[in-house]
Amino acid sequence: MLQFLKYVLATVVGIFIFSLLSLFLLIGIGSLFSADEKVAINDNSILKIDLNKPVQEVGVENPFSDIGGPFFSTQDVIGLKDIRAALTYAREDDKIKGVYLKVESPTAGWATLEEIRNELLEFKKTKKFVYTYGEFYSEKGYYLASVADKIYLNPAGAMEWNGLSAEYEFYKGTFDKLDIKPVVFRVGEFKSAVEMFSRKDMSEASKRQTAELLQAINGHFINNIATARKLSATRLLNLADSLSIRNPTSALEHKLVTHLGYQDEFENVFRKELKLDAKKDISYVSVDKYLKAEHKAQTGDFNNRIAVLVAEGEIVSGEGSEGVISSEKLVKELKKVRDNDKVKAVVLRINSPGGSSLASDVIWREVQLTAKKKPVIASMSDMAASGGYYIAMACDTIVAQPNTITGSIGIFALLFNVENFMNNKLGITFDRVKTNQHADWPTVTREMTEFEKDMFQRSVNEGYNTFTRKAAAGRNMPVEKLRELAQGRVWSGVEAKSNGLVDVLGGLDEAILLAAKAAKLKEGDYRVRFYPEKINPFENILGKLTGNSEEKALAKHLGELAPYVKMYQQVMRMEGMQARLPYELKIQ
C-alpha cells in the first residue's frame, strides 16, 4: 500500500512539474515573440484608447489575455506613460487620423485623468478629431469625454451627473461585537485615518476637510467642463443639484453630449470621416499595438538623461511586494540614478497615500542625498499624501496637479487588544513570565497601562515633530507655520499651492522641464528615461504564480466579501507607526 501511494505521489509531482515547465516555456516563447513583433500601421487608422480598465503610472502588458485561466488575467493594466506616449506620437503621424476614446467608467484617479485630458487637448491642436461613444458615462468618464469633438451616448444608456461624494466605512461596531479593542495614538486634529476604528461616523474635523477637498476638486472639474462644452459653471452645478440629466435625451437637450446613437451609427461617422465604403473595415489600433510600431527616434543626447523614478502604492519597509513602494527597492533605484553620471536630473513621480513612517523616512533620506548631487523634482500624481508627501519634501521643487490629493502631514499608531476576543469568543487565555515590568510591551494580549500608553503617545509625538520639522525645512518656512498646515489636514493641489506646500501646478511634463532647466539642459539636449521600465510580461505572470493568484482566489471564492478580507490584510499592515492618508479615500 505504501509503495502504491509512493507511485501515486511521484506521478502527481511529475505531472505538476511538467505542467509548470510547459507553462514557463509558453511564457518564454510568448515573451520572445512579443518582444520581436513589429507592427505596421495602416493608412487612415484610428488610435483607439480604451480606458475602461485600470490605469497605473507604468502599464503591465499581458500577451496571454485571450487564454484565460487562473494565471492569465483577461484585463491589462494600461500605463499612463504609454497613453501619453501614444498621443504624442499620433500628433505627428500622418497615418493616424483621429482618436476613438472609450471612457465610460475609467478606473483612475483625478490627477491621472487630468494628465490624459491635457494630452488629448494637445492632440486636438493638430486639427485631428477626437470622438467618443459610451453606453454610460460616469463623471470621471465624462471629464475626459468632454474634450471630444463628438460625444455619442447610447439612446438607451445613462449618464451620471449629480456631483462628487466621498464615503467612509467604520468598523467600531464590528470590533465591539468581536471584543477587539483598537488602541489608537495620533497627532493632529485632522488625522482621521484611525476614525474607522474608533468612531461610527465622521468627526466634524474630518467632515470639514473632506467637504473642502471635494469642493476644490469639483470646482476644477466643473470649470474645465464648462470651458470645453461652452457652458456656464453655474448651469452645470444647477443640472447636478436638480438631477436634470435623467436620461440620454436630457443629456442631449442640455448639450452635455452631441449625439444619441448606437455603436454602428457611431462607426458610420468614422467611415464618413475617412471616406470608407460600408464593406471596408475601420482600421483601429490600440495603445499597446501602436507603441510597437516604428516611431520617430527620441532626440537628445543619450548621455544627458532625466530619470523619471516612479513611486506608486502604499509605502512599506523592506523588499515589499508588487503594487507597493518598498523602501529597499526605491532606495536601490535612487542610488542607481544618483551614481549614474549620465543622469543629470531626477523626477520623482509619486502616487501614494503614504504608509510606514519609518519606510517614508528611509526614502526621504535617500532623496535628500540625491538632491545634494543633482536636481530632484517631485511630480505628484493622484495623491502624494502623508508618507507620500514625506518622500516629496526633500525634493528641490514640488509639482502637483490642481486635483492632486496631498498634505495629510501627521502621524498615528494603531494596535489591537485581542485579549477579550481570544478569551470570550475562542476560549483562549494568556499568561506570562517577565524579567522586567514592561518586558512584553507592546502587546496585543493584555491592556496596556496608562504609563505604557503615554510612552507610545510620546513616540508618536516625536514622529510628528520630526515630520513637521523636516517638512518646514524642505518648504523653507517656520515650523510653527508648517504645523498650522499640518495636523493631518488633506489639501487639493490648488490649496496646497496657495499655502506653500506645493511650488508649481502642472503635470509630469512640467516637472521634466523644471528638471531640465535645473540641470541647465536645453530642449533637445536630453532624453527622458523611466525607472523602473514597463513590467515584463514574463515577470508579471511569474508574480501572479507566486503572489497575485492569492488575490484572484479571494475574489473567486469570497465574491463581494473579498474586498473586506483585503482590507483586513491592509489593517494588519497598519499596526505600528504610520504616516498615511485618511483610510481608503475614494472620490466618485
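Procedures and definitions
- Residues numbered from 1 in each chain as written.
- Predicted model: local features only at pLDDT ≥ 70, side-chain atom pairs only at ≥ 80, totals over all residues.
- Heavy atoms only, no water.
- Helix = DSSP H or I, 4+ residues; strand = E, 2+ residues; numbered from the N terminus.
- Buried < 20%, exposed > 50% of the residue type's maximum accessible area, 1.4 Å probe, protein only.
- Areas by Shrake-Rupley, 256 points an atom, 1.4 Å probe, with all protein chains shown as cover.
- Salt bridge = Lys/Arg side-chain N within 4 Å of Asp/Glu carboxyl O.
- Patch = residues over 30% accessible without salt bridge, like charges linked within 9 Å, V, L, I, M, F, W, Y side chains within 5 Å.
- Phe/Tyr/Trp six-rings, centres within 6.5 Å; stacked < 30°, edge-to-face > 60°.
- Lys NZ or Arg CZ within 6 Å of the ring centre and 35° of its normal.
- Polar contact = N/O pair within 3.5 Å; in protein donor to acceptor, adjacent residues only side chain to side chain.
- Contact = heavy atoms within 4.5 Å.
- Pairing = 2+ DSSP bridges.
- Axes fitted to C-alpha atoms, helices over the stretch in contact; angles between N-to-C directions.
- Parallel < 35°, antiparallel > 145°, perpendicular 65-115°, else oblique.
- Nonpolar A, V, L, I, M, F, W, Y, C, P; charged D, E, K, R; others polar.
- Expected span 1.5 Å × (residues − 1).
- Arc of directions from axis to C-beta.
- pLDDT = per-residue confidence, 0-100.
- Core = buried A, V, L, I, M, F, W, Y, C linked by side-chain atoms within 4.5 Å.

### Some remarks on the overall build of the chain
A tally of helices and strands in the chain yields 21 helices and 22 strands. Per-residue burial for the chain yields a buried fraction of 50% across its 588 residues. Element-wise, carbon and sulfur atoms account for 53% of the exposed surface of the chain, whose accessible area totals about 28300 Å².

### So, the pattern of salt bridges
Enumeration over the complete set of coordinates arrives at 26 salt bridges. The partner of arginine 84 in a salt bridge is glutamate 119, and the shortest N-O contact between them spans 3.5 Å. With arginine 84 in helix 2 (residues 80-91) and glutamate 119 in helix 3 (residues 110-124), this residue pair connects regions lying 35 residues apart in the sequence. Judged by its relative accessible area of 6%, glutamate 119 falls in the buried class. A single network of salt bridges, built from pairs that share partners, joins Glu57, Arg84, Arg91, Glu115, Glu119, Arg349 and Asp509.

### Some points on a nonpolar patch on the surface
Together, Leu426, Ile428 and Phe430 give the surface a local cluster of nonpolar side chains, amounting to about 260 Å² of exposed area. The residue isoleucine 428 is located in the loop between helix 15 (419-425) and helix 16 (450-475) in this model.

### Digging into the packing of aromatic side chains
In the structure shown here, the tally under the stated rule is 22 aromatic pairs. Following the ring pairs from residue to residue traces out a cluster consisting of Tyr100, Phe129, Tyr131, Tyr133, Tyr152, Phe266, Phe270 and Tyr284. Here arginine 489 stacks its cationic end above the ring of tryptophan 491, 4.3 Å away from the centre of that ring.

### A closer look at the side chain of serine 283
Its location among the elements puts serine 283 in strand 9 (residues 283-286). Owing to a relative accessible area of 17%, serine 283 belongs among the buried residues under this scheme. At 3.4 Å, the side chain of serine 283 forms a polar contact with the side chain of asparagine 42. A distance of 3.0 Å separates polar atoms of two side chains, one belonging to serine 283 and the other to serine 45. If sequence neighbours within four positions are ignored, serine 283 has contacts with Asn42, Asn44, Ser45 and Ile46.

### A look at the sheet that holds strand 6 (residues 150-159)
Across the sheet, six strands lie side by side as 8-6-5-4-1-9; this open sheet has parallel pairing. Both edges of this open sheet fall to strand 8 (259-260) and strand 9, since each of them pairs with a single strand only. When strand 6 meets strand 8, the two strands line up parallel, connected through two bridges. By the bridge assignment, tyrosine 152 is partnered in strand 8 with histidine 259.

### Some remarks on the pairing of strand 1 (residues 45-50)
Bridging between strand 1 and strand 4 (residues 96-102) involves six bridges; their strand directions are parallel. Considered in strand 4, the bridge of lysine 48 is made with tyrosine 100. Sheet topology note: the strand 1/strand 9 ladder contains four bridges and is parallel. From the neighbouring strand, serine 45 faces strand 9, where its bridge partner is serine 283.

### Quick look at the environment of asparagine 238
Tracing the sequence through the fold places asparagine 238 in helix 8 (residues 233-241). For the pair asparagine 238 and asparagine 162, spaced 76 residues apart in the sequence, the C-alpha separation amounts to 9.5 Å.

### Observations concerning the packing of helix 2 against helix 3
Between helix 2 and helix 3, whose axes approach to 9 Å, the crossing angle comes to 5°. Looking at the two axes, helix 2 sits roughly parallel to helix 3. Taken together, the residues of helix 3 that come into contact with helix 2 (itself represented by Leu80, Ile83, Arg84, Leu87, Thr88, Ala90 and Arg91) are Thr112, Glu115, Ile116, Glu119, Leu120, Glu122 and Phe123. Taken together, the residues of the contact of helix 2 with helix 3 break down into seven nonpolar, two polar and five charged.

### What about helix 12 (residues 327-339)?
Compared with an ideal rise of 1.5 Å per residue, which puts 13 residues at 18 Å, helix 12 spans 18 Å between its outermost C-alpha atoms and is within 8% of the ideal. Taken together, the buried positions of helix 12 are occupied by Ser327, Leu330, Val331, Glu333, Leu334, Val337 and Arg338. Angularly, the buried residues of helix 12 cover 160° about the axis, an arc narrow enough to put them on a single face.

### Focus on the packing of helix 12 against helix 13 (residues 357-373)
Orientation of helix 12 relative to helix 13, taken along the N-to-C sense of each, is 5°, at an axis distance of 10 Å. When the axis of helix 12 is compared with that of helix 13, the two are roughly parallel. For the pair helix 12 and helix 13, the contacting residues are Ser327, Leu330, Val331, Leu334, Lys335, Arg338 and Asp339 in the first and Ala359, Val362, Ile363, Glu366, Val367, Leu369, Thr370 and Lys373 in the second. Of the residues that constitute the contact of helix 12 with helix 13, the class distribution is eight nonpolar, two polar and five charged.

### Here's the deal with helix 19 (residues 508-518)
Residues of helix 19 that are buried: Leu508, Ala511, Ile512, Ala515 and Ala516. Projected down its long axis, helix 19 carries its buried residues within an arc of 140°, all on one side. Of the residues in helix 19, the exposed ones pointing more than 90 degrees away from the buried face are Leu513 and Lys517. Count one or two residues on from helix 19 and you reach lysine 520, which has phi positive near 60°.

### Quick notes on the confidence of the model for the chain
Per-residue pLDDT for the chain has a mean of 86; in total, 81% of the residues score no lower than 70. Segment residues 65-74 is flagged for pLDDT under 50; beyond a separation of four residues in sequence, or across chains, it makes 17 contacts in the model. Below pLDDT 50 for its whole length, residues 544-551 participates in eleven contacts with residues either more than four positions away or in separate chains.

### Focus: the nonpolar core
Among the nonpolar cores identified, the biggest contains 58 residues, and Leu47, Leu51, Met159 and Trp161 are the most heavily contacted of them. Methionine 159 has contacts with Phe136, Tyr137, Tyr142, Leu153, Ile245, Ala251, Leu256 and Val257, leaving out every residue within four places of it along the chain. Counting 53 residues, the second largest nonpolar core, distinct from the first, contains Leu334, Trp364, Val376 and Met448.

### Thoughts on unusual backbone geometry
Geometrically, the link from tryptophan 441 to proline 442 is a cis peptide bond, its omega value of 0° lying close to zero. Looking at the secondary structure, you find proline 442 in the loop between helix 15 and helix 16. Following tyrosine 531, the chain continues to proline 532 via a peptide bond in cis, the omega torsion being -10°. Examined against the element boundaries, proline 532 turns out to sit in the loop between strand 21 (527-531) and helix 20 (537-558). For lysine 520, which is not glycine, the phi dihedral falls at a positive 60°. Within the secondary structure, lysine 520 is located in the loop between helix 19 and strand 21.

### What to know about the environment of isoleucine 398
Mapped onto the elements of the fold, isoleucine 398 is located in strand 16 (residues 397-400). Setting aside chain neighbours within four positions, we find isoleucine 398 in contact with Ala378, Met380, Tyr389, Ala392, Met393, Arg475, Leu501, Val502, Asp503 and Val504.

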